[in-house]
Amino acid sequence: MNERWVKVEVAEGVATVTIDRQEALNALNTEIIDALHRVFHSLGKDDSVRAVILTGAGKAFVAGADIKEMADFTPAQARAFSRRGQRVFSEIEAFARPVIAAVNGFALGGGCELAMACDVRIASEKAKLGQPEVNLGVTPGFGGTQRLARLVGRSKAKLLLFTGELVGAERALALGLVDEVVAPESLLARCREIATLVAGKGPVAVSYCKQAVNAGVETDLEHGLAYESELFAQTFATTDQKEGMQAFVDKRPARFTGR
Ligand code: DAK
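Residues numbered from 1 in each chain as written. Predicted model: local features only at pLDDT ≥ 70, side-chain atom pairs only at ≥ 80, totals over all residues. Heavy atoms only, no water.

## Observations regarding the site of the ligand
Reasoning step 1: Not every one of the 26 residues close to the ligand is listed here, only the nearest: K59, A63, A65, A78 and G110.
Reasoning step 2: One nitrogen or oxygen atom from the main chain of A63 is found 2.9 Å from a nitrogen atom belonging to the ligand.
Reasoning step 3: At 2.9 Å, a side-chain N or O of K68 approaches an oxygen atom of the ligand.
Reasoning step 4: Contact with the protein chains covers 66% of the free accessible surface of the ligand, which is 1,100 Å².
Reasoning step 5: Those elements that provide at least two residues to the shell around the ligand are α2 (67-70), α3 (75-94) and β6 (106-108).
Reasoning step 6: When grouped by side-chain class, the residues that make up the shell around the ligand number 15 nonpolar, six polar and five charged. (Near = heavy atom within 4 Å. Polar contact = N/O pair within 3.5 Å; in protein donor to acceptor, adjacent residues only side chain to side chain. Areas by Shrake-Rupley, 256 points an atom, 1.4 Å probe, with all protein chains shown as cover. Helix = DSSP H or I, 4+ residues; strand = E, 2+ residues; numbered from the N terminus. Nonpolar A, V, L, I, M, F, W, Y, C, P; charged D, E, K, R; others polar.)

Printed below as a string of structure tokens:
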């Protein structure tokens, strides 16, 4: 599953995906975007994987889309590149298991957009996030204008988008752009702790929670509630529901199988 610039390790139900192109601060070129597609596709077929941590090697999470690759794009090439990145980020957003972004450093432009496509974002105190595309005379192209506004609200999103300002981890936390800030040396341990906790829960239930939230925020409350009821009902067709409730009655830990 390892790719030239994307490394994967699976241990105890948790996959760690590391973008490792340190010479360009992990900037996303077409090859990395395609590699992310292949990696998440393979992980999706592995039932033993219950949660994914996505991070960057070295001092960056991802410092953006690859400016050098984009520099000579025609509008048609730019559109294709944008759609390609958006598709892969949407695959990560819809990935059946939770994906935790371990934001270890710069998460700029496409890097911030990649972090926002994950379910939660845990940041190192050294992280810097932002959408500096306006400095380059372009808009975000991998979902930044859409996911940032959904995450932090439209006016704070516009402030970041219009100014291209980078924010540190504490400011990102106050904005709601990241969910926790931890010391750099504790970042992966904290993400593993969360992933391990998730890995011990009913996998179908966790996956349905993700689907319900993702679908619910894109629709009105009435439809969201109807969808929630449907997923809730479907959990009663699983052995995990029987096991989870029986374990409660028996006063013992549940042994979930994902069925
Ligand atoms: N692309 C390519 N190379 C990059 C890069 C990037 N985004 N960011 C850094 N690098 C490279 C640098 O060029 C340098 O390589 P060499 O020159 O040594 O060969 C190496 O990484 C180390 O970077 P620095 O020497 O600059 O390192 P510093 O610590 O001094 O500075 C920095 C770190 C993160 C502040 C700085 O590198 C920086 O400002 N980088 C650019 C950040 C940025 O603007 N990110 C947003 C990129 S734009 C769209 C599709 C997608 C997008 C938009 C539209 N459509 C198709 C419509 C997405 C756009 C973006 O993400």
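Don't stop here, the text continues.
## Some words on the packing of helix α4 (residues 110-117) against helix α5 (residues 144-152)
Reasoning step 1: Two numbers describe how α4 lies on α5: the axes approach to 10 Å, and their chain directions differ by 55 degrees. Classified by the angle between their axes, α4 and α5 sit oblique to one another. Remark: the crossing between α4 and α5 carries left-handed chirality. On α5, the residues touching E113, M116 and A117 of α4 are G144, R147, L148 and L151. (Axes fitted to C-alpha atoms, helices over the stretch in contact; angles between N-to-C directions. Parallel < 35°, antiparallel > 145°, perpendicular 65-115°, else oblique. Left-handed = near helix turned anticlockwise from the far one by under 90°. Contact = heavy atoms within 4.5 Å.)

## Points about the nonpolar core
Reasoning step 1: By size, the foremost hydrophobic cluster in this structure holds 50 residues, and its most contacted members are L36, L129 and L177.
Reasoning step 2: Counting residues per element, this core draws most heavily on helix α1 (residues 30-44), at seven residues.
Reasoning step 3: Those residues in contact with L36 that lie beyond four places of it in its chain are V6, V17, I19, L28, L54, V88 and L114.
Reasoning step 4: In terms of nonpolar packing, the next biggest core, distinct from the first, is built from 11 residues, V14, I100, V182 and A195 among them. (Core = buried A, V, L, I, M, F, W, Y, C linked by side-chain atoms within 4.5 Å. Buried < 20%, exposed > 50% of the residue type's maximum accessible area, 1.4 Å probe, protein only.)

Just distances and angles here, no functional claims.
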